[in-house]
Amino acid sequence: DRIETVLPGDESVLMLYKNMTNGWAVVFIVLIGVLPGFGEELFFRGFFQRRMLQRYRPSVAIGVTSIVFGLFHVTPHGFALATIIGVWLGVIAWRTNSIWPSACCHAFINSGWNVYQVGRFQWGFPEIPPIWFSLVGGAAVLAAFVWSVRILHSTKPG
């Protein structure tokens, strides 16, 4: 079963995806991808996590920040996904001593999600992607993850 059968999505957001024009879809993808990505990173990693790092060891600071970040995303599945992504964004910000790499990752994740959702409702994307897409996408994500771990491993923590 899909998570939507247990925890349905917000109908108003689904209606937004269904009813927007192509022009507004592009604006939506860019704005909802970029603005929250950068704004949330400014607050969560730039302000909150930095303050936590002044008082606590990195694992505690990143963990608490990630949980609060997850709670900010309200729904149970939003909480779970945002908390996991928050840990990764927190490690990136801590290791690079900058919010910009995590802000770019966050904006990319948000934009990608919105491309998928708009594509599903407006452009005929399948609800469940074909297996080749999942395999190629999974391989690309794994390669990016390994590459970023190597970069972060060679970077002195901030």
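Just so we're clear, the structure is a prediction, and the values are computed from it rather than from any experiment.

A. Region of interest: the confidence of the model for the protein chain. Residues with a pLDDT of 70 or more make up 92% of the protein chain, whose mean pLDDT is 86. The secondary-structure element of the protein chain with the lowest mean pLDDT is helix 1 (residues 3–6), recorded at 62, while helix 4 (residues 58–72) shows the highest, at 96.

B. A look at the pattern of salt bridges. Taken as a whole and judged by the stated rule, the model has one salt bridge. In this structure, R45 engages E41 in a salt bridge whose closest nitrogen and oxygen atoms are separated by 2.7 Å. Remark: E41 and R45 occur in helix 3 (residues 22–55); sequence separation between them is four residues, near one turn of the helix. Each of the two residues, R45 as well as E41, counts as buried.

C. Quick peek at the packing of aromatic side chains. Counted according to the given criterion, the structure contains ten aromatic pairs. Summarising the aromatic geometry, the rings of F43 and F44 are spaced 4.9 Å apart at their centres and angled 80° between planes, so their arrangement reads as edge-to-face. Taking relative accessible area as the criterion, F43 reaches 39% and is therefore assigned partly exposed. Between F44 and F72 the ring centres are 5.4 Å apart and the planes differ by 65°, which places this aromatic pair in the edge-to-face class. Here the residue F44 occupies a position in helix 3, and F72 occupies one in helix 4, the gap between them amounting to 28 residues.

D. Structural context of unusual backbone geometry. With a phi angle near 65°, V74 is a residue other than glycine that sits in the positive phi range. Counting through the fold element by element, V74 comes out in the loop between helix 4 and helix 5 (76–96).

E. Focus on a nonpolar patch on the surface. Together, W24, V26, V27, V30, L31, I32, V34 and L35 make up a nonpolar patch on the protein surface, roughly 710 Å² of accessible area in all. Checked against the element boundaries, L31 lands in helix 3. We classify L31 as partly exposed; its relative accessible area is 41%.

F. Inspection of the packing of helix 3 against helix 4 at higher detail. Contact geometry for helix 3 and helix 4: axes closest at 9 Å, N-to-C directions at 145°. Between helix 3 and helix 4 lies a crossing of right-handed hand. On helix 4, the residues touching E40, F44, R45, F48, Q49, M52 and L53 of helix 3 are P58, A61, I62, V64, T65, V68, F69 and F72. Residues of the contact of helix 3 with helix 4, tallied by class, amount to eleven nonpolar, two polar and two charged.

Definitions and cut-offs
Residues numbered from 1 in each chain as written. Predicted model: local features only at pLDDT ≥ 70, side-chain atom pairs only at ≥ 80, totals over all residues. Heavy atoms only, no water. pLDDT = per-residue confidence, 0-100. Helix = DSSP H or I, 4+ residues; strand = E, 2+ residues; numbered from the N terminus. Salt bridge = Lys/Arg side-chain N within 4 Å of Asp/Glu carboxyl O. Buried < 20%, exposed > 50% of the residue type's maximum accessible area, 1.4 Å probe, protein only. Phe/Tyr/Trp six-rings, centres within 6.5 Å; stacked < 30°, edge-to-face > 60°. Patch = residues over 30% accessible without salt bridge, like charges linked within 9 Å, V, L, I, M, F, W, Y side chains within 5 Å. Areas by Shrake-Rupley, 256 points an atom, 1.4 Å probe, with all protein chains shown as cover. Axes fitted to C-alpha atoms, helices over the stretch in contact; angles between N-to-C directions. Left-handed = near helix turned anticlockwise from the far one by under 90°. Contact = heavy atoms within 4.5 Å. Nonpolar A, V, L, I, M, F, W, Y, C, P; charged D, E, K, R; others polar.

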